Amino acid sequence: MSGMMHNKTLLVTGILKETSIAFHVARLAQEQGANVIVTAPGRQVRLLSVIARRLPQPAPILELDVTNDDDVASLAERVGEHTDELHGVVHSIGFAPQSVMGGNFLTGTWADVSKAVEVSAFSLKSLAVGTTPLMKSGAAITGLTFDAQFAWPVYDWMGVAKAAFESTARYLARDLGPDGIRVNLVSAGPLRTVAATSIPGFDQMESTWAQRAPLGWDVTDPEPAAKAVLALCSDWFPATSGEIVHVDGGVHVMGQ
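Cut-off values and rules
Residues numbered from 1 in each chain as written. Predicted model: local features only at pLDDT ≥ 70, side-chain atom pairs only at ≥ 80, totals over all residues. Heavy atoms only, no water. Helix = DSSP H or I, 4+ residues; strand = E, 2+ residues; numbered from the N terminus. Rg over C-alpha atoms; globule rule 2.2 N^0.38 Å. Buried < 20%, exposed > 50% of the residue type's maximum accessible area, 1.4 Å probe, protein only. Contact = heavy atoms within 4.5 Å. Areas by Shrake-Rupley, 256 points an atom, 1.4 Å probe, with all protein chains shown as cover. Lys, Arg positive; Asp, Glu negative; His and termini not counted. Charge placed at Lys NZ, Arg CZ, Asp CG, Glu CD. Core = buried A, V, L, I, M, F, W, Y, C linked by side-chain atoms within 4.5 Å. Right-handed = clockwise from strand over helix to strand, strands pointing away. Pairing = 2+ DSSP bridges. Salt bridge = Lys/Arg side-chain N within 4 Å of Asp/Glu carboxyl O.

> What exactly am I supposed to notice about the overall build of the chain here?
Secondary structure assignment for the chain yields 10 helices and seven strands. In summary, the chain has a C-alpha radius of gyration of 17 Å against a globular reference of 18 Å for 256 residues, a match within 12%. The principal-axis extents of the C-alpha atoms in the chain amount to approximately 45 × 40 × 40 Å. With 256 residues in all, the chain has 50% of them scored as buried. Partitioning the contacts of the chain with sequence separation of at least 6, the portion at a separation of at least 24 is 76%. Taken as a whole, the chain presents about 11,800 Å² of accessible surface, with 53% of it coming from carbon and sulfur. One way to put it: in the chain the 18 positive side-chain charges average out to a point 3 Å from where the 26 negative ones average out.

Structure, rendered in structure tokens:
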């Protein structure tokens, strides 16, 4: 099979359901000729094994909890059992307790906020450190964000975690650039993924998005975001790093 990802190997995190952006990244990557390895934290490995059967081709499944130091430290070795080199890594991991979202910004506790920051932001650094031993010049790390320039309704401390995530990507672009490794993000508009619909009051963010978007917006279609992730992992952006590509129908350029 030939395609823009021919003979490349991608590690894809964050597949929870077929509606996940990460699932569509993995699917499109395989359709474009890539070998794909997928990960999930311990309790979700069995679920992922079922979902992964719906991909065009079989994909090895690795257990990975990005908050577990042992999982991260052994990641390169375990990935190395399936490939000699990683050409791309996709970070699609985020979590915040509901107690720090849905209008609870002022009442959020550090215990819960710190968990959001660890899982949703620091994990990008952890994933990068865990995989770069298998990455050569030209490889790419691509993550998914939700535009952290603004204070969105109900997003609260998850928005702060995403701001930290975006900053982490810039510092990784600085530190991994000398090795030829690119680090970029895709800022997707609201989609009805598992992560999004777990946010209390999510419908407040999605309800008017299509009307504000010059191109329109379909909250049920993750493929445009997945295509952007795949493009940034490909050879077609060889001199781009530290960038945030908005896939939101154009809402980010619109005034209120």
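Picking up where we left off.
> Would you mind going over the nonpolar core with me for this structure?
Buried together is how nonpolar side chains tend to be arranged in soluble globular proteins. Leu10, Val12, Ile15, Ile21 and Met205 are the most contacted members of the largest nonpolar core, which totals 52 residues. Contributions of two or more residues to this core are made by strand E1 (9–12), helix H1 (21–31), strand E2 (35–40), helix H2 (45–51), helix H5 (110–131), helix H6 (156–176), strand E6 (182–188) and helix H10 (223–233). Discounting residues that sit within four places of it in the chain, Leu10 has contacts with Met5, Ala29, Asn35, Val36, Ile37, Leu86, Gly88, Val90, Leu230 and Cys233.

> Just to check I follow, could you spell out the pairing of E1 for this structure?
Each regular strand shows side chains that alternate between the opposite faces of the sheet. Here E1 shows a buried face lined by Thr9 and Leu11 and a second buried face lined by Leu10 and Val12. Taken together, E1, H1 and E2 form a β-α-β motif whose crossover is right-handed. Relative to strand E4 (residues 86–91), E1 runs parallel, the two sharing three bridges. Across the sheet, the residue bridging to Val12 is Val90, located in E4.

> In this structure, what is going on with the pattern of salt bridges? I would like to understand it.
Any two side chains of opposite charge can pair, on the condition that their charged atoms come close. Inspection of every chain in the model, using the stated rule, returns eight salt bridges. Each of Arg27, Glu31, Glu223 and Lys227 takes part in salt bridges that share partners, so that together they form one network.

Limitation: the analysis is restricted to geometry and does not speak to function.
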